[in-house]
Amino acid sequence: MISEKEKNMQYEVISIHTEQSAPNTKFYAYILDSSKEFQPDLIRPMIILCPGGGYEKTSDREAEPVAMRLLAMGYHVGILRYSVAPARFPTALLELAEVMKLVHENHEKWHVDWNQIYVQGSSAGGHLAASLGVFWNKPFLYKAAGTTPDILKPAGLILNYPVITSKKKYSHEGSFRNLLGSEYKEKKKEVSLEKLVTSDMPPCFIWHTFTDTTVPVENSLLLAAALRGAGVSTELHVYPTGEHGLSLADESTSRADGSSVCPPVQSWIDLLEVWLATRTEKDICKKREKHVQ
């Protein structure tokens with residue numbers, strides 16, 4: 001048996017509840033605990049993952065395998081298994097807001113640098129992550145969450161082949177229909193995120209493949225153009241080939257039939273590591289600082 005003193009990692013499963021949340025909505029926290037044997041005062045950034053799935057499910061392939069790679073880089077990681085259809089907007093967004101609050105509330109226990117909380121999303125999870133980037137300072141969100149806007153603002157967004165636009169030519173219609181239900185026609189423009197970008201949006205790391213036929217690359221291009229227009233720092237990578245939903249694009253996230261392995265795309269996680277190191281001042285382990293609310 002491993003004693004409490006010998007543990008160097010915390011793992012917690014926490015239920016997330018909002019008014020419309022599904023019963024199985026949970027946040028899985030993977031915390032790289034500091035050891036009393038060496039560097040006992042380390043704090044680390046945290047990355048919250050929002051797996052994709054068209055707002056119909058949350059993908060296993062875009063959850064724990066990605067978390068393991070980020071943990072190996074030295075980041076705390078959390079996975080939000082958010083509510084999907086028949087839950088409607090803004091249920092998942094409110095759940096993500098609750099998770100941001102939760103991380104802030106536990107920053108001392110988990111040794112989290114509260115200035116460095118990132119949100120990552122893949123596909124429809126990218127829409128959720130980007131929605132937080134757009135709506136973090138909107139009263140409907142922070143008032144419903146019972147907090148202040150600064151608690152909800154991510155330090156940055158990591159968007160893997162994200163669903164962004166509701167423009168018919170480029171839209172992943174299924175995601176928007178699952179998100180909005182019977183209000184799809186009336187409200188789809190209200191969640192077409194490229195139209196909602198302002199200079200208040202956090203810095204973004206975005207990647208997509210040129211040949212994605214499920215969520216066309218224009219989703220990322222339209223978002224990047226809007227971010228450029230608003231003066232928001234953005235790193236965008238477009239790979240020439242690759243299907244949708246590649247996740248890590250290696251064998252660890254291959255599908256049951258062996259597909260979704262694409263060696264040219266595997267570099268995205270290394271590029272992300274460089275981007276994160278730049279964002280965190282090239283030091284992902286900092287001395288613990290007093291959290292001032």
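This structure is a prediction, so every number in the text was calculated from the model and none was measured. (Residues numbered from 1 in each chain as written. Predicted model: local features only at pLDDT ≥ 70, side-chain atom pairs only at ≥ 80, totals over all residues. Heavy atoms only, no water.)

Digging into the overall build of the protein chain
Here is the rule: Secondary structure elements follow DSSP: runs of H or I no shorter than four residues count as helices, runs of E no shorter than two count as strands, and numbering proceeds from the N terminus. With C-alpha atoms as the basis for the radius of gyration, the globule rule is written as 2.2 Å multiplied by the number of residues raised to the power 0.38. Relative accessibility thresholds used throughout: buried, under 20% of the residue-type maximum; exposed, over 50%; partly exposed, between the two (1.4 Å probe, protein chains only). All accessibility values rest on the Shrake-Rupley procedure with a 1.4 Å probe; residue burial counts only the protein chains present in the view. His is not counted, nor are the chain ends; Lys and Arg add positive charge and Asp and Glu add negative charge. For this purpose, a charge sits on NZ of Lys, CZ of Arg, CG of Asp or CD of Glu.
Within the protein chain one finds ten helices and nine strands. In terms of overall dimensions, the protein chain is globule-like: its C-alpha atoms have a radius of gyration of 18 Å, near the 19 Å expected for 293 residues. Based on the C-alpha atoms only, the size of the protein chain along its principal axes is roughly 55 × 45 × 40 Å. Among the 293 residues that make up the protein chain, the fraction classed as buried is 55%. Here the protein chain displays about 13300 Å² of accessible surface, and carbon together with sulfur accounts for 51% of that area. With 32 positive and 35 negative side-chain charges, the protein chain shows a separation of 5 Å between the mean positions of the two kinds.

Side note on empty space enclosed by the protein
The rolling of a water-molecule-sized probe over the atoms marks out the regions of remaining empty space. Inclusion rule: In the cavity and pocket records, a cavity denotes points on a 1 Å grid over the protein atoms alone where a 1.4 Å probe fits but cannot get out, a pocket denotes an open set with protein on both sides within 12 Å along at least 5 of 7 lines, and lining residues are residues with an atom within 4 Å of a point. Grid points are joined across faces, edges and corners, and a volume is the space filled by probe spheres set on the points. Residues are grouped as follows: Ala, Val, Leu, Ile, Met, Phe, Trp, Tyr, Cys and Pro are nonpolar; Asp, Glu, Lys and Arg are charged; all remaining types, including Gly, are polar.
Per the stated rule, a full pass over the model turns up one cavity of 30 Å³ or more. Within this model, the largest cavity holds a volume of roughly 100 Å³. Lining the largest cavity are 16 residues, and of these Y55, F89, A92, L93 and L179 sit closest to its centre. Here the residues of the lining of the largest cavity are counted per class, giving ten nonpolar, five polar and one charged.

Quick notes on a nonpolar patch on the surface
Here is the rule: Patches here: salt-bridge-free residues with over 30% relative accessible area, like charges joined within 9 Å, nonpolar side chains (Val, Leu, Ile, Met, Phe, Trp, Tyr) joined within 5 Å. We count a salt bridge whenever a side-chain nitrogen from Lys or Arg sits within 4 Å of a carboxyl oxygen from Asp or Glu.
Nonpolar side chains collect at one region of the surface, where F210, L221, L236 and V238 lie side by side and expose about 340 Å² of accessible area between them. Here V238 lies in strand β8 (residues 234-239).

What to know about the nonpolar core
Threshold: We call a set of buried residues a nonpolar core when its members are Ala, Val, Leu, Ile, Met, Phe, Trp, Tyr or Cys and they connect through side-chain atoms within 4.5 Å of each other. Note on contacts: a residue pair qualifies if any of its non-hydrogen atoms lie within 4.5 Å across the two residues.
Of all hydrophobic cores here, the largest spans 56 residues; its most connected members are F27, I48, V103, W110, V119, L132 and M201. Counting residues per element, this core draws most heavily on helix α2 (residues 91-105), which supplies nine residues. In contact with W110, other than residues within four places in its own chain, are Q10, E12, I14, F27, A29, I31, H76, L102 and V103. With 30 residues, the next largest nonpolar core counts Y30, M73, F205 and L276 among its residues.

Section: the environment of T214
Topologically, T214 is positioned in the loop between β7 (204-209) and α9 (218-230). For T214, a relative accessible area of 36% puts it in the partly exposed group. With 53 residues separating them along the chain, T214 and Y161 place their C-alpha atoms 9.8 Å apart. Once residues lying within four places of it in the same chain are set aside, the contact partners of T214 are H172 and H244.

What about the confidence of the model for the protein chain?
Keep in mind that low pLDDT regions are not for reading the predicted coordinates in detail. Selection rule: pLDDT expresses how confident the predictor is about each individual residue, on a scale running from 0 to 100.
Counting all residues, the mean pLDDT for the protein chain is 93, and 93% of those residues have values of 70 or more. Confidence drops under a pLDDT of 50 for residues 1-6, and excluding neighbours within four residues, the segment shows two contacts in the predicted structure.

Observations regarding the packing of α2 against helix α4 (residues 124-135)
Stated precisely, the cut-off is as follows: Axis definition: a line fit to C-alpha positions, over the contact stretch in the case of helices; interaxial angles, taken between N-to-C directions, run 0 to 180 degrees. What sets the label is the angle itself: under 35 degrees gives roughly parallel, over 145 gives roughly antiparallel, 65 to 115 gives roughly perpendicular, and the rest give oblique.
It is the contact of α2 with α4, at a shortest axis distance of 10 Å, that shows an interaxial angle of 75°. One finds that α2 runs roughly perpendicular with respect to α4. Across the interface between the two elements, A92, L93, L96 and M100 of α2 pack against L128, A129, S131, L132 and F135 of α4. Class assignment of the residues belonging to the contact of α2 with α4 gives a composition of eight nonpolar, one polar and no charged.

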